[in-house]
Amino acid sequence: CKYRFQAAMSSQWSVLPSYTALGMASLLPHKKLEYDGKGRIMVDGKQCATLVQRNEILQSVEGMAVKADELLAMKKEEGRDLVAGTKVVYIYHDEIDSRGEKASTEGDTFEAARKAIQEVSELVRFVINSLNGNYVVVTADHGFLFRETPPSDPHKSKLEDKPAGTVVAKKRYLIGRNLPDVEEAYHGNTKTSANAEGGMEFWLPKAANLFHFTGGARYVLGGTMLQEITVRVVTV
């Protein structure tokens, strides 16, 4: 609790697979989530991968989207002019993913998490003190797993090949259509796990295993471990 602020923390479940594109889409206002033929997620028939696309979706509820670093670089009057007339503002902060998902910087994940906490605190103060905001919700589209040392062979799933129907294959998840059941992976449907139309199914490696080690493999996400699917919600 800080001067003029009161904060309460709760939690929510992420979607499955617990990865950015699906998680970010599920946090947008929508009536329908759907996968298209290329595995892209549509929000009420609109693409949502870029900030511009998410901004267009939010305009339907008198809202807007902005990057955290761009907002923090503004002076008070610039910020007020930017958000004038809006009822909801989505501020996207990407410090942890941007460093953790690169092999060359994944070792900086803890440092990135600390920096993210500091910058999000600055954002909350700026929104309330300078932009006249009075209700801020801080949350995320997913969690992550991080290990101090690179994974070794015992952490690798025994699956050798991607199945027919695969659309996207990552270290902690695989999505596709008409996937078979296999002993080595959890098999589910995004209609059940995220209420997403389009017939997209998924495989998730069991426990903290990975499907492959290509690129960085100390920072991973997408699976069912509590660190990946338990998402904090801070209401200020």
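## With respect to the packing of aromatic side chains
Inference 1: This structure, assessed with the given rule, holds four aromatic pairs.
Inference 2: Consider the rings of Tyr 19 and Tyr 173, whose centres lie 4.5 Å apart with planes at 20°: the pair is stacked. A residue pair is termed long-range when its members are at least 10 positions apart, and Tyr 19 in the loop between strand S1 (8-13) and helix H1 (20-26) and Tyr 173 in the loop between strand S9 (166-169) and strand S10 (174-176) qualify at 154 residues. For the residue pair Tyr 19 and Tyr 173, the accessibility class agrees, reading buried in each case.
Inference 3: For the pair Phe 110 and Phe 146, a centre-to-centre distance of 5.1 Å together with 55° between the ring planes defines the contact as tilted. With Phe 110 in helix H6 (residues 109-129) and Phe 146 in strand S8 (residues 145-146), the pair connects residues that are 36 residues apart, well separated along the chain.

## Details of the nonpolar core
Inference 1: Tyr 19, Leu 22, Leu 28, Tyr 35, Val 43 and Ile 175 are the most contacted members of the largest nonpolar core, which has 28 residues in total.
Inference 2: In terms of nonpolar packing, the next biggest core, distinct from the first, is built from 14 residues, Val 66, Leu 71, Val 127 and Leu 131 among them.

Scoring rules and cut-offs
- Going along each chain's sequence as written, the residues are numbered from 1 onward.
- Local features in this predicted model are restricted to residues whose pLDDT is 70 or higher, and side-chain atom pairs enter the listing and the counts only when it is 80 or higher, whereas totals over whole chains, interfaces and linings include all residues.
- Side-chain numbers here rest on the full set of heavy atoms in the structure, without hydrogens or water.
- For this analysis, a ring pair means two rings from Phe, Tyr or Trp (six-membered ring only for Trp) whose centres lie within 6.5 Å, classed as stacked if their planes differ by under 30 degrees, edge-to-face if by over 60, and tilted for the remaining angles.
- Where helices and strands are cited, they refer to DSSP runs of H or I of at least four residues and of E of at least two residues respectively, numbered from the N terminus.
- The buried label applies to any residue whose accessible area, calculated with a 1.4 Å probe on protein chains only, is under 20% of its type's maximum; exposed applies above 50%, and partly exposed to all values in between.
- The set of buried Ala, Val, Leu, Ile, Met, Phe, Trp, Tyr and Cys residues whose side-chain atoms join them within 4.5 Å is what this entry labels a nonpolar core.

Worth remembering: the numbers are spatial, not functional.
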